[in-house]
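# Examining the three-dimensional arrangement
Below, each chain spelled out in residue letters.
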Amino acid sequence: MNTRGKSPKQPARRGASQKRTNIPLPDPELHAILRAADDIIAEGGRTQLAKILKGSKEKKLLELGLDRNPSYGFYRDLTLEQIMEKVDNLIHTDFIETELSGRLPMIVFTPRGWAVERERRAEEFLREWDHWLENGITPLSMEYLKERNRGMILLFLYKILRSGDKKYIPYLKQWEKIDFKKVQAEIRRVIGDLNRRDQLKETEWQQLLLERSKSLIVHSQQPILLACQECGGPFIFDEFDLNCYQPEGLRFQEICPRCKYRDEEP
């Protein structure tokens, strides 16, 4: 069982008109379903996903360790049928899709769904470090961060950098020792940037964050198409818009650049 955060495969795309028929679930539900899906991407289907969210005691599910998923039992008070409706909502609103593996349909992330889950997993790592630091815990090893999805790991580094807090440096130094050269280089740069944070004016720090985002925020393999809430036209999500990365989760732009610039005109 691979639980390292998988980027989306290349699923067959549904029609845009079909995907707009449902209103997305509230963020807590959206994040819970995506987190449950992360442990079975390309390995399990809708039913298995629903069973994780239900908190099923099924032998196979327990043998795979899926009861350790943070979203296990999130919908324990709902029926499997009701949970499947929630899962289908994420399919219809373009966060997950199914892809045939042999004759069996398996859950995969869409680019939009992976963008949300990647950000949540990076935030999950950051909250875990905060917990360890608050409780004086020194992890025995940082091996758990090695060989994970590169885009997710770099986004985690960006979140650390954006905090401007030197408290993370001891953990960063420990992590640097065990990872691959490209990640090690980015870790060293983040350590250096945090060390000189106090020497920089706020405008200089914001400029540094903007520059570093270009190497630490990795574009999705496929463009993420959004629908403008003003004109209804499609536009591509700008992953370098730093205002989209909020503590409570990823926020997609709601208005296309054309309408935005038009509204800003005097």
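Because the structure is a prediction, the values reported are computed rather than measured.

### Describing the overall build of the chain
Of regular secondary structure, the chain possesses eleven helices and six strands. The C-alpha radius of gyration of the chain comes to 20 Å, within 12% of the 18 Å expected for a compact globule of 266 residues. Its C-alpha atoms give the chain principal-axis dimensions of about 55 × 55 × 35 Å. Taking as baseline every contact in the chain between residues at least 6 positions apart, the subset at least 24 positions apart corresponds to 67%. About 14,200 Å² of surface is accessible on the chain, with carbon and sulfur atoms providing 50% of the total. If the 45 positive side-chain charges of the chain are averaged to one point and the 42 negative ones to another, these points end up 4 Å apart.

### Observations concerning the pairing of strand β1 (residues 96–101)
Strand direction decides the pairing type here: β1 and strand β2 (residues 104–109), joined by six bridges, are antiparallel. When the sheet's bridge partners are listed, isoleucine 96 is paired in β2 with phenylalanine 109. Linking β1 back to β2 in an antiparallel pair, the connection comprises two residues, with glycine 102 at a positive phi of about 70 degrees.

### Let's talk about the confidence of the model for the chain
Here the chain averages 89 in pLDDT, while 90% of its residues score no lower than 70. Helix α8 (residues 169–176) holds the highest mean pLDDT among the elements of the chain, 98, whereas helix α1 (residues 16–19) holds the lowest, 38. This model gives residues 9–21 a pLDDT under 50, and the stretch forms 29 contacts once residues within four places in sequence are excluded.

### What to know about the nonpolar core
By size, the foremost hydrophobic cluster in this structure holds 73 residues, and its most contacted members are Leu49, Ile96, Trp129, Phe156, Ile160, Leu172 and Trp175. At nine residues, helix α7 (residues 150–163) tops the list of elements feeding residues into this core. If we ignore the near neighbours within four places in the chain, the residues touching leucine 172 are Trp129, Leu157, Ile160, Ile187, Val190, Ile191 and Leu194.

### Points about the packing of aromatic side chains
In this structure the tally under the stated criterion is twelve aromatic pairs. Where tryptophan 129 meets tyrosine 168, the ring centres are 6.3 Å apart and the plane angle is 35 degrees; that geometry is what we call tilted. Note that tryptophan 129 is positioned in helix α6 (residues 111–134) and tyrosine 168 in the loop between α7 and α8, a separation of 39 residues in sequence. Residue class for tyrosine 168 comes out buried when judged on its relative accessible area of 3%. Taken together through their ring pairs, the aromatic side chains of Phe125, Trp129, Trp132, Tyr144, Phe156, Tyr168, Tyr171 and Trp175 make up a single cluster. Cation over ring: arginine 112 sits above phenylalanine 252, and NZ or CZ is 5.1 Å from the ring centre. Lying across the ring of phenylalanine 180, lysine 146 places its NZ or CZ 4.8 Å from the centre.

### Here we look at the packing of α7 against helix α9 (residues 181–195)
Running from amino to carboxyl end, α7 crosses α9 at an angle of 10 degrees, the nearest separation of the two axes being 10 Å. Comparing their axes, α9 and α7 come out roughly parallel. Across the interface between the two elements, Arg150, Ile153, Leu154, Leu157, Ile160 and Leu161 from α7 touch Lys182, Val183, Glu186, Ile187, Val190, Asp193 and Leu194 from α9. Classifying every residue of the contact of α7 with α9 gives nine nonpolar, no polar and four charged.

Rules behind the numbers
Residues numbered from 1 in each chain as written. Predicted model: local features only at pLDDT ≥ 70, side-chain atom pairs only at ≥ 80, totals over all residues. Heavy atoms only, no water. Helix = DSSP H or I, 4+ residues; strand = E, 2+ residues; numbered from the N terminus. Rg over C-alpha atoms; globule rule 2.2 N^0.38 Å. Contact = heavy atoms within 4.5 Å. Areas by Shrake-Rupley, 256 points an atom, 1.4 Å probe, with all protein chains shown as cover. Lys, Arg positive; Asp, Glu negative; His and termini not counted. Charge placed at Lys NZ, Arg CZ, Asp CG, Glu CD. Pairing = 2+ DSSP bridges. pLDDT = per-residue confidence, 0-100. Core = buried A, V, L, I, M, F, W, Y, C linked by side-chain atoms within 4.5 Å. Buried < 20%, exposed > 50% of the residue type's maximum accessible area, 1.4 Å probe, protein only. Phe/Tyr/Trp six-rings, centres within 6.5 Å; stacked < 30°, edge-to-face > 60°. Lys NZ or Arg CZ within 6 Å of the ring centre and 35° of its normal. Axes fitted to C-alpha atoms, helices over the stretch in contact; angles between N-to-C directions. Parallel < 35°, antiparallel > 145°, perpendicular 65-115°, else oblique. Nonpolar A, V, L, I, M, F, W, Y, C, P; charged D, E, K, R; others polar.

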